[in-house]
Amino acid sequence: MNTYHRGWTLRRRVLALLAVVGVLLVGLAVAEAVVAAKNRAYTDAVLTRTGPLRVQGQELLNALLDQETGIRGYAVSGNRADLAPYEQGVRQERDVAATIADLSRDYPAVAGALRTAQQQAADWRRTVAEPVIATTGSSGTAAGQALITAQARQEFDQIRASVGDLQTAILAEREKGARDIERTGNMLVMLLIVAAVVVVLAGTLMLLSLERMVIRPLTGLAQQVREVAAGDYQHHIAGTGPPEFRRLADDVDVMRQKIAKDLAEVRAARENIEWVNSQLQKQAEELTRSNRDLEQFAYVASHDLQEPLRKVASFCQLLQRRYAGQLDERADQYIAFAVDGAQRMQRLINDLLAFSRIGRLTTGFVDVDLNRTMGDVASQTEPGRQYADAELTWGELPVIRGEEPLLTNLLVNLVSNSVKFRRPDVTPKVRVSARLVDAEWEITCEDNGIGIEPEFADKIFVIFQRLHAKDAYPGTGIGLAIVKKIVEYHGGRVWVDTDRAEGTAIRFTLPARPEDVEAAKAAAEAGPAAATGADAPAGPDGDATVTPEGDAPAGSDGDATAAPDGDGAATTSDDDASRPAGGTPAPADRPIPVGRQPGGTQDEDPPGGPPGHGTTGGTKEGVG
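Throughout this document, residue positions are counted from 1 along each chain, in the order its sequence is written. Note on the predicted model: pLDDT of at least 70 is required for a residue's local features to be given, and 80 or more for side-chain atom pairs to be given and counted; whole-chain, interface and lining totals, by contrast, use all residues. Only heavy atoms go into the side-chain values, all of them from the structure, while hydrogens and water stay out.

Undergrad: Would you mind going over the overall build of the protein chain in detail, with residue names and values included?
TA: Scanning the protein chain from N- to C-terminus turns up 13 helices and ten strands. Throughout, exposure labels follow a simple rule: accessible area from a 1.4 Å probe, protein chains only, divided by the maximum for the residue type, with under 20% read as buried, over 50% as exposed, and the rest as partly exposed. Each of the 624 residues in the protein chain was classed as buried or not, and the buried ones make up 41%. For this analysis, residues touch if any pair of their heavy atoms sits within 4.5 Å. Contacts spanning at least 24 positions in sequence make up 74% of the contacts within the protein chain whose residues lie at least 6 apart. Here a strand is any run of E in DSSP of at least two residues, a helix any run of H or I of at least four, and the numbering for each starts at the N terminus.

Written as structure tokens, this is what we have:
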């Protein structure tokens, strides 16, 4: 069990401190409230009771003096009107006494002094004032003055002394109230000071606690984290302080361990990658060397290997021409077999070289206008189309990035393939169209030929794969393999549309230029617009149509596979017997045209008769 499960948590400690401080402050607040209430009560007593009591005590003394003055005046004058002060003083005494009695309920000393003064005043009136009034009224002023003796004056002096005692008691109560006010005020000040001290102490304790329980542990943890961040991933992170910080330190240390583990794996992976890179570098160097060897082999195959084949084929043809008819039929047949084998060997070598050099000998990608390319394709396939009386049309085609010779070779292969595998007694029609699909141009070459069974849709793109005997459809079977390699070299894909009921449609994609994609998006956002020429139907509306103007010489079998000669120039091996892809004359070491029969001319039919008249079996093979 981790140690941070023991002891108080930071929250518990803070709550405990706040609870203690809160209890102290609440107790101080209650005490201050009680003392303040007492101070207010004492102040009210001084202002509303002891102060008025002093005034009433003076009023009581004045009322008693009025009584004495009235008695003396009446005893001297005998005039009944001089008794008015006496009578008024008596009434005033009763009122003032009642007020003093009411105000002195909480002051027993004042109440006792009041009763004493009242008792003495009543005795004075009974023993002095009333007899003087009665005697003066009945016996005259002299008799009345005779009753006002020294004893009578002494009794009144006692009344004065009692009223003085009353005033002294009132003054004592007032001074006591003042002392209580002062005492409670001092207590309030003391409680406020205590509260301030409690707050200061609580704040100081809080700061010290934060320093000890928060700042120091966090500072230590941050220092350890910085050490790990500096690269010391093996440094153990230990936490101090409250359980929360120790738990945090443990979590950070777990994260450090994971990071250290991941870094170790990354280092191992990097070392492995570096090792793999070194191996790849070695393989790249080996591949470079192998490519050089392959180039050397291509050179040898283009010159040294073809030279003996040309000699064999040439001398066999000479034998065939010179001794034709002079030997028996079997000898003529053997010579024809030798010529045909040498020529097929030349075609195989040329096709292999052409296939291997796709993508290796590059001139770089440029903008290629496929409409202009189709013009070159029409020129190169013209002999085969004239022989088959074929019609070639194409819609508005795009401009793409690619290598023009390879794209020309691609389209020549497809068009020648469509012309070659035609149906008997049906005019061949070949159409090339394009449409933009997302960010790719989908280009279709479709015809009305013999078609392809769905089970052979993938097989036709395999190199040297043939679906017919060579006497039915001559060729090496590499044409569509070259098509596939050129398309994939340009970043596209090729396939056969197996949903067609008649003929063949070979589709392939090529990446579209960004400006074409943006233009298509803008047109789509602008709403319905006129259809572009890319998908327009064949015919006069934007389609280019090439039809034969006359009967071409026989001998073109539609095989338009580009094959490099000894100097690396791309040439057509079967379609146009001696014309390279660019329409320029063939070099001097051009191999003997495939379509020429031994001892015959270039315009003669190949062995087995004109192409397209053999048994098709409902399938079609790659150009070759």
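Undergrad: Let's hear about the packing of aromatic side chains: which residues, and what values?
TA: Two aromatic rings from Phe, Tyr or Trp, using only the six-membered ring of Trp, form a pair when their centres are within 6.5 Å; if the ring planes differ by under 30 degrees the pair is stacked, by over 60 it is edge-to-face, and anything between is tilted. Counted according to the given criterion, the structure contains two aromatic pairs. Ring geometry for F365 against Y489: centres 5.6 Å apart, planes inclined by 85°, an arrangement best described as edge-to-face. Taken together, the residues F365 in the loop between α8 (329-357) and β1 (366-369) and Y489 in helix α12 (residues 479-489) connect sequence positions 124 residues apart. Of the residues examined, F365 reaches a relative accessible area of 34% and is grouped as partly exposed.

Undergrad: Before we move on, could you go through the pattern of salt bridges and cite the residues and values that matter?
TA: Basic side-chain nitrogens of Lys or Arg form a salt bridge, by our definition, when they fall within 4 Å of a carboxyl oxygen of Asp or Glu. Taken as a whole, this structure holds 20 salt bridges when the rule is applied. Across the pair R183 and D180 runs a salt bridge whose closest N-O atoms are separated by 3.5 Å. One end of the pair is R183 and the other is D180, both in helix α5 (residues 150-229) and three residues apart, which spans about a single turn. Notably, a salt bridge pairs D367 with R513, separated by 3.5 Å at the nearest N-O pair. Linking D367 in strand β1 with R513 in the loop between β7 (504-511) and α13 (514-526), this pair joins segments that are 146 residues apart in sequence. Given the relative accessible area of 41%, D367 is considered partly exposed.

Undergrad: Kindly report on the packing of helix α9 (residues 370-380) against helix α11 (residues 404-420), identifying the contributing residues and their values.
TA: Across the interface, α9 lies against α11 with an axial gap of 9 Å and an inter-helix angle of 55°. Here α11 runs oblique to α9, going by the angle between their axes. Crossing of α9 against α11: the hand is right-handed. Two secondary-structure elements touch here, α9 through L370, R372, T373, M374, D376, V377 and Q380 and α11 through E404, L407, T408, L411, V412 and V415. Ten residues, namely Ala, Val, Leu, Ile, Met, Phe, Trp, Tyr, Cys and Pro, are considered nonpolar, four, namely Asp, Glu, Lys and Arg, are considered charged, and the remaining ones, Gly among them, are considered polar. Split into classes, the residues belonging to the contact of α9 with α11 amount to seven nonpolar, three polar and three charged. Inter-axis angles, ranging from 0 to 180 degrees, are taken between N-to-C directions of lines fitted to C-alpha atoms, where helices are fitted over the stretch in contact. Between 65 and 115 degrees an angle is taken as roughly perpendicular, under 35 as roughly parallel, over 145 as roughly antiparallel, and anywhere else as oblique. Note on convention: near helix rotated counterclockwise from far helix by under a right angle means a left-handed crossing. Clockwise means right-handed.

Undergrad: Tell me about the pairing of strand β5 (residues 440-447), residues and numbers included.
TA: Look at any regular strand and the pattern is simple: side chains alternate between the two faces of the sheet. In terms of burial, β5 is largely enclosed, as seven of its eight residues are buried. As defined by bridge partners, strand β4 (residues 429-437) adjoins β5 across eight bridges and the pair is classed as antiparallel. Pairing of V430 across the sheet is with D447, part of β5. Pairing between strands requires that DSSP locate at least two bridges from one strand to the other. In textbook terms, the turn of a hairpin is the stretch between consecutive antiparallel strands, and for β4 and β5 this stretch comprises two residues, one of which, D438, has a positive phi near 55°. Sheet analysis places β5 next to β7, joined by eight bridges and oriented antiparallel. Across the sheet, E442 pairs through a bridge with T509, a residue of β7.

Undergrad: Describe helix α3 (residues 108-139), with residues and values.
TA: Taking 1.5 Å per residue, 32 residues should reach 46 Å; α3 reaches 45 Å between its end C-alpha atoms and fits that length. Throughout, bend refers to the angle between the axes fitted to the seven residues that end at a position and the seven residues that start at it. The axis of α3 is deflected most strongly, by about 40°, at R125. Just beyond α3, the residue with positive phi is G140, at close to 105°. The span one expects for a helix is its residue count, reduced by one, times 1.5 Å.

Undergrad: Let's hear about the nonpolar core: which residues, and what values?
TA: Among soluble globular proteins, nonpolar side chains are generally buried collectively. Core analysis: the largest hydrophobic core is formed by 44 residues, its most contacted members being M374, L410, L414, V432 and F508. Ranked by residues supplied to this core, first place goes to α11 with eight residues. When residues no more than four places from it in sequence are discounted, the contact partners of L410 are V483, I486, V487 and F508. Only buried residues count toward a nonpolar core, which is a set of Ala, Val, Leu, Ile, Met, Phe, Trp, Tyr and Cys residues joined through side-chain atoms within 4.5 Å. Membership of the second largest hydrophobic core comes to 33 residues, among which are Y74, L83, I100 and I148.

Undergrad: Account for the environment of A505, naming residues and giving values.
TA: Within the secondary structure, A505 sits in strand β7. A sequence separation of 91 residues divides A505 from L414, and the C-alpha atoms of the two residues are 9.9 Å apart. Setting aside residues up to four positions removed in sequence, A505 forms contacts with T444, C445, E446, W495, V496, D497 and R500.

Undergrad: Quick one: what's the story with the side chain of D497, residue by residue and with numbers?
TA: Assignment of secondary structure puts D497 in the loop between β6 (494-496) and β7. Since its relative accessible area comes to 18%, D497 is described here as buried. We call two N or O atoms a polar contact when they sit within 3.5 Å, provided that within protein one can donate a hydrogen and the other can accept it, with sequence-adjacent residues counted only if both atoms are side-chain atoms. Within the local environment of D497, its side chain forms a polar contact with the backbone nitrogen of D499, the two atoms lying 3.1 Å apart. Among the polar contacts listed, one links the side chain of D497 to the side chain of R507, at a separation of 2.8 Å.

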